[in-house]
Amino acid sequence: MREERFRDYIRRFNEEDHTAFDDYLAPDMHMKNGTLEFTGIEGMKHHYRDLIWPHFVERLTVPRFVSSDTTVAIQMNTLFTARRDNPESLFGPVREGETFEFDGLIMYRLDEHERFADILVAYNSFVHTDLEGNTRDLGIPH
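Let us look at the structure shown here.

Definitions and limits used
Starting afresh in each chain, residues are numbered from 1 along the sequence in its written order. Restriction of local features to residues with pLDDT of at least 70 applies here, the model being predicted, together with a cutoff of 80 or more for giving and counting side-chain atom pairs; totals for whole chains, interfaces and linings are based on all residues. Each side-chain value is worked out from all heavy atoms of the structure, with water and hydrogens disregarded. Elements are defined by DSSP. Helices are runs of H or I of four residues or more, strands are runs of E of two residues or more, and each kind is numbered from the N terminus. Computation of the radius of gyration draws on C-alpha atoms alone. For the globule rule, the value is 2.2 Å times the number of residues to the power 0.38. Type-normalised accessible area, obtained with a 1.4 Å probe on protein chains alone, sets the label of each residue: buried when under 20%, exposed when over 50%, and partly exposed for intermediate values. Throughout, a contact is declared for two residues whenever any of their heavy atoms are within 4.5 Å. Reported accessibility uses the Shrake-Rupley method at a 1.4 Å probe radius. Residues are deemed covered only where the shown protein chains occlude them. The charged-residue count follows a simple rule in which Lys and Arg add positive charge and Asp and Glu add negative charge, with His and chain termini not counted at all. Taken as the charge location is NZ of Lys, CZ of Arg, CG of Asp or CD of Glu. By definition, a salt bridge exists where a carboxyl oxygen of Asp or Glu is found within 4 Å of a side-chain nitrogen of Lys or Arg. Pairing of aromatic rings covers Phe, Tyr and Trp, the last through its six-membered ring, and needs centres within 6.5 Å; plane angles under 30 degrees mean stacked, over 60 mean edge-to-face, and all others mean tilted. Contacts described as polar in this section are N or O atom pairs within 3.5 Å, which, within protein, must combine one atom able to donate a hydrogen with one able to accept it, while residues neighboring in sequence count only if both atoms come from side chains. When DSSP locates at least two bridges between a pair of strands, those strands are taken to pair.

### Topic: the overall build of the protein chain
Within the protein chain, the regular secondary structure consists of three helices and nine strands. Taken from N to C terminus, the helices and strands of the protein chain fall in the order α-α-β-β-α-β-β-β-β-β-β-β. The C-alpha atoms of the protein chain give a radius of gyration of 15 Å, which matches the 14 Å a tight globule of 142 residues would have. With respect to the three principal axes, the spread of C-alpha positions in the protein chain is 45 × 25 × 25 Å. Looking at the protein chain residue by residue over its 142 residues, the buried ones come to 43%. For the protein chain, long-range pairs separated by at least 24 residues make up 52% of all intrachain contacts whose partners lie at least 6 apart in sequence. For the protein chain, the computed accessible surface area is about 7500 Å², with 50% contributed by carbon and sulfur atoms. If the 16 positive side-chain charges of the protein chain are averaged to one point and the 27 negative ones to another, these points end up 2 Å apart.

### A short note on the pattern of salt bridges
This structure, assessed with the given rule, holds 14 salt bridges. Across the pair R49 and D50 runs a salt bridge, and its minimum N-O distance is 3.3 Å. By relative accessible area, which is 31% here, R49 ends up partly exposed. One salt-bridge network, held together by shared partners, links D8, R11 and E15.

### As for the packing of aromatic side chains
Per the stated rule, a full pass over the model turns up 24 aromatic pairs. Relative to W53, the ring of F13 lies with its centre 5.2 Å away and its plane at 80°, an arrangement referred to as edge-to-face. Of the two residues, F13 is situated in helix 1 (residues 3–14) and W53 in the loop between helix 3 (40–52) and strand 3 (56–67); the sequence distance between them amounts to 40 residues. When its relative accessible area of 5% is taken as the criterion, W53 is described as buried. In textbook terms, an aromatic cluster arises when at least three aromatic residues are bridged by ring pairs, as seen for F6, Y9, F13, F21, Y24, Y48, W53, F65, Y108 and F116.

### Considerations on the side chain of S89
Position of S89 relative to the elements: it lies in strand 5 (residues 86–89). On the basis of relative accessibility, which here comes to 8%, the residue S89 falls in the buried class. Of note is the side chain of S89, whose polar atom sits 2.5 Å from the backbone oxygen of G92. When residues no more than four places from it in sequence are discounted, the contact partners of S89 are F56 and V94.

### Points about unusual backbone geometry
Trans is the common state for peptide bonds, and a negative phi is the common state for residues other than glycine. Of note, the phi angle at E16 is positive, near 60°, even though the residue is not glycine. Tracing the sequence through the fold places E16 in the loop between helix 1 and helix 2 (19–24). In this structure, E114 takes a positive phi of about 60° despite not being glycine. Relative to the helices and strands, E114 resides in the loop between strand 7 (99–110) and strand 8 (116–129). What makes E114 partly exposed here is its relative accessible area of 29%.

### Here we look at the pairing of strand 3
Of the pairings in the sheet, the one linking strand 3 to strand 4 (residues 71–82) comprises ten bridges and is antiparallel in character. By the bridge assignment, T61 is partnered in strand 4 with N77. Between strand 3 and the antiparallel strand that follows it, strand 4, lie three residues.

This is the structure we're talking about:
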């Protein structure tokens, strides 16, 4: 996969365009992130469209990209910012403006159509910053 194509996926993801999943994911894709696992495009849409994006602004940055015909590997930095107070978010109770920062690596296995067939997420840190500026590393987010 060429980097320009991958960055288009990231751009659309950052715009909360869940139709990007239709264009970039294999129908039976598998995703593993800590203890969180799901399969299929609808599983990905449900996770982001229903559980993340209504509650957080999520912005991905990719400082490093490596690819071959069958694999993409990236360094990923993600910033989640709480949109509103929520006593039961996916990350626990949050107040509007609190942030969560993910730093890690993601490996994508590509199918013959350059769609993501398998996504494996490995984290280095997942840090919560409250409104007073206090930070706490939460470990694996899921």
